[in-house]
Structure formats: structure tokens, C-alpha cells
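Single-letter residue listing:
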Amino acid sequence: MSAMPGIVAINTFREAVRDRVLYNLIFFALMMIGAAILVGQISIGIERLVIINLGLSTISIFGLVMAIFIGVGLVYKEIEKRTLYSVLAKPIHRWEYLAGKYGGLLLTLVVNTSFMTVGLAAALYYVGRPFVQSDASILIAIYFILLELALVTAFALFFSCFSTPMLSTLFTLAIYVTGIFANDIREFGKFTKNPVMEGLTRVIYYVLPNFHNFNVIGAVAHGDSIAFSLVWQNTAYAVVYVTLLLLAASAIFSRRNLK
Amino acid sequence: MSVAGRTRSLWTAIVATPILLFVLAALQVRIDAHTRSEAAQKQDLLVRSGSLLKRMSLGYDSLLADVYWTRAVQYYGSRIGQRGENFELLAPLLDISTTLDPRLIVAYRFGAIFLSERKPLGADRSDLAVDLAKHGIAANPNQWRLYYDLGFLYYWHLKDYPDAATAYLEGGKQPGAPLIMKLMAARVAEKGGSLETSRMIFAEMYESTKDKNVRKILMKQLRALKAEEDEMHLDEVIAEYRKRFGRNPASTKEMVAAGLLPGVPVDPVGFPYVIGADGKSHLNPDSPVELPKP
């Protein structure tokens, strides 16, 4: 395997930094400081809970916004600016280019999330909460958020290979929302008591990305530990799904007429 | 644009920004004057179904639960002490908070107090408070404090001593429960309604609560119970005085002079008790202590 995907990834990351994507960290920092100071005054008994819930939810929401809105423009922007042609003129396969783009955005998300994690730890320290062993679960929750973002980014990239940014955004959002309701869709099938409907909803349930798998925010906020089996199962789930999407994206992009 | 033009634009922006922000704030004050009273009257919950909100929250249900709990606290805090206030939205707000996060123990515990306290300190809805506590126990069967709160609701507000004893006993079986739970169960079963038992329960609640507002309510109750206990004791001394002198004492000073009391008795905030025309002891009319209503 050539070093090309790595080079493309680094350049994608640099481009995101140049586009001031990481400025969202300032907003995150202000929000965490505000929450840490205010919550104790306007509510009762939930300072720690709010900091963890708010911190993890914000990491997830900001990450999702970045993954979707940057992800859908990764390929399209380069086609529009015609910079893609000069890149593809070099000894690089199209799938390597796609993998590099994906890796670059993932790197941006990891860096962004890492800074936010430090901000969350600082806010928890500010509210006078000593760090305990069960806080490792917060790191696992953040890892799960990253897995979720990796999956969303893969969807955004996949759609952007054959669609406009506007439509890709809509498709990715639709997949994300539907994926959250995957359990409900299966339950709906059972509710109908119709074998055909039940079978269909079961197939949909297994085909759709189940984003609910990655949500342990509520559990870790209450100090629950996360089973190691869930960690490796979620990791494997995300890796398999992302591989599938990147393969499909590469297949489409390789056949795409760029003239 | 020339350098001079750019500088002029910059200064225009620097000067105009605070002026325009001030104009916006002034306009908002006027708009608020029109809409605030109307909004206060119309305050309502657009969505009352916790389950629906849970689905609409797209996985961020625990954060939304914190938001609704904070809203419930603000709602209660802004209305506490107001005569004629029914706290209509309190129960739905608590229901939504606990449906969104069934493990939000704080919402069950304080929510039950907000709901059960007599008006104007609360909604005076012990029935809803019991429902909330039971809902909490169903979702968190190992949390002994929820049984403790349920026992308190039965004991103090509903005067249902057998159910109170059962709740304390069940709570005492949960992991981490202090021995006092079993003691309370025995006490309530044996001497339900005694002032001593009530004081023990309130004192335990006071010690285990950190919130200022709730501690204020509990302290008020503790003072009332102490005053009630004092009055019972003073009435016994008045009866003794009557037996000796064939008349009621005019004041507690007379009982001190007769050697029946070591000093002038005062209520928990320092006001001396008075003796009424009915020959019974009463709180000083200036005293802020309020006895529990029968």
C-alpha cells in the first residue's frame, strides 16, 4: 500500500484547520465554563450529571455537524474547484484518494474531540469533583462517540460520491435519524403481527446502522461501568460498516466520469 | 477600498455596534412589557408526554432530563410562597424529567417534597408525590432513599403508619441502607404519630439534605415539632400550677416564681411562650414559628 492515502489525509486535516473548523472549540469551552458556573445556582443536585451529559452531548452534536457538513463536501468541493484532476494525475488510485479524505476528516474529528475531552475534564475538576476510577467510562463514551462519527463520516463520504452536498446532507441526516429509531422500527413490525411486515422490519433493523449502540451517555453520567464486550463489539460493528461503505464509495467513485 | 475608507468603516462599526445593541435591548424591554404578563398566564408545556420527548431527543434524553429537572426547580422556586398558587405544571415537569431519565434520583426525592408540602410551600398533592416516589422505586429498586421518602410521605402527610412502616422496612433491606431505616419501621409501627418519632424522621432528613431551600422547609417543620412538644410539656406544668394554686398562671414567669420551671421557656427561635385565656400555652404572636395544622 502506498503512502498516498496518508498524504491526502494530512492535507485534508490541514485544510480543515485552515478553514478554522477548530474554532468550535472556543464555543465548547465557553459553554462548559458557563454550565459549570451556572448549573449549581439554577438547579438542585445535578451539577456533576449536567457537566457529563452536556459535555458528552456537545461532543457528539458538534462532531456530527462537522462529520456531515465537511464530509459531504470532501469530494464535491475538489471536483468543483477542479483540484481533484491535479491530484488524480499523480500516481494515486481513486480508492486511495477516498481513503485519505476519509482518514483526514477522521483525524480532524479525533483532534477536535480530544480537545473537548480536556475541556470536559477541566469542567468536572472545576465543580469540585475528584476523579475516580469509574471516570474511565466517560472516556469509553467518548470513544463510542468517535465510532459513531466515523460511521456518519463514511455515510457522508459515500453519498458525496454520487450526489450534491445538499442531497448528501439530507441523505446522511435521514440515515442518522432512521438509525436512531432502528429499535422502534423492529418493534413496529412486531406490533403489526403481520409475518411479512415483521420480516421486513427485521431486515431493515439489521441493515440500518444502529446508532443507538454507541449511546452510553446516560449510563456513564450515572457512574455505570461499560462492559468490555460492548467495547469490542461496537468497535467491530463500526469497522465492518465503515469498510462496507468505503468499499461501496470506492466502487462508485472509481466508475464516476469526472469530465 | 482605500486605507482611509477602511479605517472609517472600522470606526463606524466600533461606534455603531454598542449603540445598536443598546437600541435592541431597549426595544426588547418594551416588547417584554407587552408579552411577559401574557406569557406568565399562558405558561404551559407544549409536549406533556415524556415518552414522546424521549424519542424526539434523538438519544440526548439524559441531557433533556437535566433541562426539564432544572425547569421544574425554577418553576417551583418562582412560585413558592405565593398564595393561591396551584403548581399545576410541577407534576408534569417531574414526570417528563423522570421518564427521560428514570435514574434521576434527585428529581424523585426533591420532587416528592415539592409536591407534598402544604400550600403555599408546595402543591399539597401527597397523592402525586406518592406516585412519583413509587415510580422512582419501580425504576430504581435498590435505592433505599426512595423508600425512605415514600415512608415519610405515608407517615407525615397521609398519616398512614402501617404503609410508612412497610416502606421503611423495605428500604432497610436495600444495599447500603442505614440501620435507622429498620429502627424507623419499628418506631412507626409501634408509636405512629408520636412527636418523638416525627422529630427523629425530620432530623434525619435534615441531616441528609444539602439543598438550602429544602433544609429551610425541614428546619421550619423541626421548629414546629419542637414548639408542639414544648407546649405539651408546658400544659402539664400549667395543670400542676392549677392544682397547687387553684387558678391558671397569668404568665410563664409566675410558674418560674413558683419553682415549677427553671427559667422562662422560649420557642426554638427565642420568643417566650404565652399562656392564653384558655389556660393553655401558646406561641408568642410575634414568633415566626408555625405549628402544623391539624
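Quick caveat: nothing in here was measured; it's all calculated off a predicted structure. (Residues numbered from 1 in each chain as written. Chains lettered and ligands numbered in written order. Predicted model: local features only at pLDDT ≥ 70, side-chain atom pairs only at ≥ 80, totals over all residues.)

Counting its secondary structure elements, chain A contains 12 helices and 0 strands. Listing every helix and strand of chain A by position from the N terminus yields α-α-α-α-α-α-α-α-α-α-α-α. For a compact globule of 259 residues, the expected C-alpha radius of gyration is about 18 Å, and chain A comes in at 20 Å, within 12% of that figure. Seen through its principal axes, chain A has C-alpha atoms that stretch 60 × 55 × 30 Å. The contacts of chain A with a sequence gap of at least 6 include a subset with a gap of at least 24, amounting to 83%. (Helix = DSSP H or I, 4+ residues; strand = E, 2+ residues; numbered from the N terminus. Rg over C-alpha atoms; globule rule 2.2 N^0.38 Å. Contact = placed C-beta atoms within 7 Å.)

We now examine the overall build of chain B. When its secondary structure is counted, chain B shows 12 helices and 2 strands. The linear arrangement of helices and strands in chain B, starting from the amino end, is α-α-α-α-α-α-α-α-α-α-α-α-β-β. A compact globule built from 294 residues would reach a C-alpha radius of gyration of about 19 Å, whereas chain B, at 27 Å, exceeds it by more than 25%. In terms of overall dimensions, chain B has a C-alpha envelope of 105 × 45 × 35 Å along the principal axes. Sequence-distant contacts in chain B: of pairs separated by 6 or more residues, those separated by 24 or more amount to 49%.

Our focus in this paragraph is the packing of helix α7 (residues 136-160) of chain A against helix α8 (residues 165-180) of chain A. Residue and element names in this part refer to chain A. The N-to-C vectors of α7 and α8 enclose an angle of 145 degrees; their axes lie 9 Å apart at closest approach. Considering only the axes of α7 and α8, their crossing is right-handed. Residues Val152, Phe155, Ala156, Phe159 and Ser160 of α7 touch α8, and the partners they reach there are Pro165, Ser168, Phe171, Thr172, Ile175 and Tyr176. Residues of the contact of α7 with α8, tallied by class, amount to 8 nonpolar, 3 polar and no charged. (Axes fitted to C-alpha atoms, helices over the stretch in contact; angles between N-to-C directions. Left-handed = near helix turned anticlockwise from the far one by under 90°. Nonpolar A, V, L, I, M, F, W, Y, C, P; charged D, E, K, R; others polar.)

Moving on to unusual backbone geometry. Residue and element names in this part refer to chain B. In this structure, the amide linkage connecting lysine 119 to the following residue, proline 120, adopts the cis form with an omega of 5 degrees. A positive phi angle, near 50 degrees, is found at leucine 58, a position not held by glycine. On the secondary structure map, leucine 58 appears in the loop between α2 (50-56) and α3 (61-79). C-beta crowding within 10 Å serves as the criterion here: with 17 such atoms nearby, leucine 58 is assigned to the partly exposed category. One non-glycine residue, phenylalanine 87, lies in positive phi territory at about 50 degrees. Along the chain, phenylalanine 87 falls in the loop between α3 and α4 (90-100). Given 23 C-beta atoms within a 10 Å radius, phenylalanine 87 is considered buried. (Buried ≥ 20, exposed ≤ 12 C-beta atoms within 10 Å, placed from the backbone.)

All right, on to the domain arrangement of chain B then. Bring the parts together and some accessible area is lost; that lost area is often taken as the interface size. Each assigned domain of chain B is listed with its residue range as follows: domain 1 (47-140) and domain 2 (235-282). Averaged C-alpha coordinates put domain 1 of chain B and domain 2 of chain B at centres separated by 46 Å. (Domains from an automatic or database assignment.)

On to the packing of α3(B) against α4(B), then. A pair of packed helices is characterised by two quantities: the angle between their axes and the separation of those axes. All names here are of chain B. Interhelical geometry of α3 versus α4 gives an angle of 160 degrees and a closest axis separation of 8 Å. Considered as vectors, α3 and α4 are oriented roughly antiparallel to each other. Along this stretch, α3 crosses α4, giving a crossing that reads as left-handed. Here Asp61, Leu64, Ala65, Tyr68, Trp69, Arg71, Ala72, Tyr75 and Tyr76 of α3 come into contact with α4, specifically with Leu90, Leu93, Leu94, Ile96, Ser97 and Leu100. (Parallel < 35°, antiparallel > 145°, perpendicular 65-115°, else oblique.)

All names here are of chain A. For isoleucine 37, the location among the structural elements is in helix α2 (residues 24-42). On the neighbour-count criterion, isoleucine 37 (12 C-beta atoms within 10 Å) is exposed. For the pair formed by isoleucine 37 and tyrosine 126, sequence separation is 89 residues and the distance between their alpha carbons is 8.6 Å.

Next up on the list: the interface of chain A and chain B. Contacts between chain A and chain B engage 18 residues on the former and 16 residues on the latter. Elements supplying a minimum of two residues to the side of chain A that touches chain B: α3 (47-71), α8 and α11 (217-221) of chain A. The greatest single-element share of the side of chain A that touches chain B, amounting to 5 residues, is contributed by α3(A). Residue classes in the side of chain A that touches chain B are distributed as 10 nonpolar, 8 polar and no charged.

Here the focus is helix α7 (residues 144-157) of chain B. Residue and element names in this part refer to chain B. Taking 1.5 Å per residue as the helical rise, α7 with its 14 residues ought to reach 20 Å, and the 20 Å between its terminal C-alpha atoms agrees with that figure. Of all 14 residues that make up α7, 12 are buried, and the element is covered over most of its length. Every buried residue belonging to α7 is among Trp144, Leu146, Tyr147, Tyr148, Asp149, Leu150, Gly151, Phe152, Leu153, Tyr154, Tyr155 and His157, and all of these are buried. Lysine 159, located one to two residues past α7, shows a positive phi value of around 50 degrees. (Expected span 1.5 Å × (residues − 1).)

With respect to the element layout, Ala122(A) can be found in helix α6 (residues 94-126). For the pair Ala122(A) and Ala29(A), spaced 93 residues apart in sequence, the C-alpha separation works out to 9.6 Å.

Core analysis: the biggest nonpolar cluster contains 131 residues, and Ala141(A), Leu90(B), Ala133(B) and Tyr168(B) have the highest contact counts within it. Broken down by element, this core gets its largest block of residues, 18 residues, from α7(A). With residues near it in sequence (within four places) discarded, Tyr168(B) still touches Tyr147(B), Tyr148(B), Gly151(B), Met181(B), Met184(B), Ala185(B) and Val188(B). (Core = buried A, V, L, I, M, F, W, Y, C linked by C-beta atoms within 7 Å.)

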